[in-house]
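Chains, contacts and geometry: an overview
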Number of protein chains: 2
Amino acid sequence: MLLSKSCVYALRASLYLASKNENGYIPIREMSEKLDISFHFLTKILQQLTSEGMLESYKGPNGGVRLTRSGEEISLMEVVLAIDGDYMLTECAFGLPGCGVMKPCPIHEKWAETRDNIKYMLESTSLTELSKKGKEFNLRMTADGGFNDI
Amino acid sequence: MLLSKSCVYALRASLYLASKNENGYIPIREMSEKLDISFHFLTKILQQLTSEGMLESYKGPNGGVRLTRSGEEISLMEVVLAIDGDYMLTECAFGLPGCGVMKPCPIHEKWAETRDNIKYMLESTSLTELSKKGKEFNLRMTADGGFNDI
DNA sequence: ATGATTTAAGAGTATCTTATCCTAATATAC
DNA sequence: GTATATTAGGATAAGATACTCTTAAATCAT
């Protein structure tokens, strides 16, 4: 998998939050139902985003989670780094430790270019950008539901 | 992980075979030692490449495995497809089934471009190309050994 | 034929990922 | 204060991936 399942869920949930431009907290239960993700599992994933500072949470009635910054300022890369770490930016296709320009493996050069391409895409795409596009074209957020269903 | 560990081992082993331009069979034991990969595990992975037709094997003394075609004709994509399957070419970043131009998710377009880039790199790189480059610059094939050690 | 060498195949183990469940802690509402 | 809503966190189980071990089958050399 290019992204772990946790990461995929984190991306969907982050986009969900960005698409609600209300300022209030959004319950994880609501998200888990709308996005069709196991509530307990999603809770754990969002806890991680909270501890990384991308989200803040509030307990009790009317509690939930929300983005700490505008969705405009949050890139997909930030979510991926928080959940999957930086393996995408550093991993060697031959599995060699410390692979880089100083001690390259035979595919290092081409592989690094490919990784840079992935990196650029993730860094240059914000949650808000996807949210706008999603709303405009009613794009899918679940197996059977469009953006405007959430 | 972008590639499974099995796939990483398969790539290293395939390159090893391509770099030996002898026509004979190469014992898996020799490869496992030179490449520092568990013999039994490597055996299983190469069995898969054999059943996919990329390698042919021969039992008994002077037995081993060898490429069925010239390394010139074998791309990295062929190895990746044989071991990891085509998830790289089809996987949706949101995990939605059947994601594509007809029913796209919000990142489908950008994600597809990124995947195409990976695909192109894997398809356009042959084992022989890497072998030549590896020999020329004595690039790494193991954690501590160069190409000319194998 | 016999024994050594080598791949094939399957069972078994360990570790990581994914997912579920239960209890605690915190906040609100009445 | 009591009940309710909600996140936090731990314990556990199921599944996938990574690896190990053992036995069988094929081939060669003598």
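Our subject in this report is the structure included herewith. (Residues numbered from 1 in each chain as written. Chains lettered and ligands numbered in written order. Predicted model: local features only at pLDDT ≥ 70, side-chain atom pairs only at ≥ 80, totals over all residues. Heavy atoms only, no water.)

1. Focus: the protein's contact with DNA strand D
In the neighbourhood of DNA strand D, 26 residues make up the surrounding shell, with I28, K44 and S57 of chain A together with K5 and P61 of chain B lying closest. The share of sugar and phosphate among atoms of DNA strand D within 4 Å of the protein is 66%. Within the side chain of Y9 of chain B, an N or O atom sits 3.3 Å from a phosphate oxygen of DNA strand D. S38 of chain B places a side-chain nitrogen or oxygen 3.0 Å from a phosphate oxygen of DNA strand D. (Near = heavy atom within 4 Å. Polar contact = N/O pair within 3.5 Å; in protein donor to acceptor, adjacent residues only side chain to side chain.)

2. Here's the deal with the protein's contact with DNA strand C
Neighbouring residues of DNA strand C: 26 residues in total, closest S38 and F41 of chain A together with I28, K44 and S57 of chain B. Restricting attention to atoms of DNA strand C within 4 Å of the protein, one finds that 65% of them are sugar or phosphate atoms. I28 of chain B is positioned such that a nitrogen or oxygen atom in its backbone is 2.6 Å from a phosphate oxygen of DNA strand C. Here K44 of chain B contributes a side-chain N or O atom positioned 2.5 Å from a base oxygen of DNA strand C. Secondary structure elements with two or more residues in the surface near DNA strand C: α1 (5-19) and α3 (39-51) of chain A together with α3 (39-51) and β1 (55-58) of chain B. Its residues assigned to classes, the surface near DNA strand C comprises 10 nonpolar, 11 polar and 5 charged. (Helix = DSSP H or I, 4+ residues; strand = E, 2+ residues; numbered from the N terminus. Nonpolar A, V, L, I, M, F, W, Y, C, P; charged D, E, K, R; others polar.)

3. Describing the interface of chain B and chain A
Listed per partner, the contact involves 42 residues of chain B and 41 residues of chain A. Across the chain B to chain A interface the summed buried area is about 3900 Å²; carbon plus sulfur atoms make up 67%. Between the two partners, chain B and chain A, sit 2 salt bridges. Put simply, E129 of chain B and K110 of chain A hold a salt bridge, and the shortest N to O gap is 3.0 Å. (Contact = heavy atoms within 4.5 Å. Buried area = accessible area lost by both parts, 1.4 Å probe. Salt bridge = Lys/Arg side-chain N within 4 Å of Asp/Glu carboxyl O.)

4. Side note on the nonpolar core
It is characteristic of soluble globular proteins that their nonpolar side chains tend to be buried jointly. One finds M31 of chain A together with M31 of chain B to be the most contacted residues of the largest nonpolar core, which totals 100 residues. Residue contacts for M31 of chain A: discarding those within four places in its chain leaves A13, Y16, L17, I26, D36, L42, L46 and V65 of chain A. (Core = buried A, V, L, I, M, F, W, Y, C linked by side-chain atoms within 4.5 Å. Buried < 20%, exposed > 50% of the residue type's maximum accessible area, 1.4 Å probe, protein only.)

5. Some points on the state of the cysteines
Enumeration over the complete set of coordinates arrives at 0 disulfides over all chains. Of the cysteine sulfurs around C92 of chain A, a residue in no disulfide, the closest is that of C99 of chain A, at 3.6 Å. Given the relative accessible area of 7%, C92 of chain A is considered buried. With no disulfide of its own, C7 of chain B has C92 of chain A as its nearest cysteine by sulfur position, at a separation of 12 Å. (Disulfide = S-S within 2.5 Å.)

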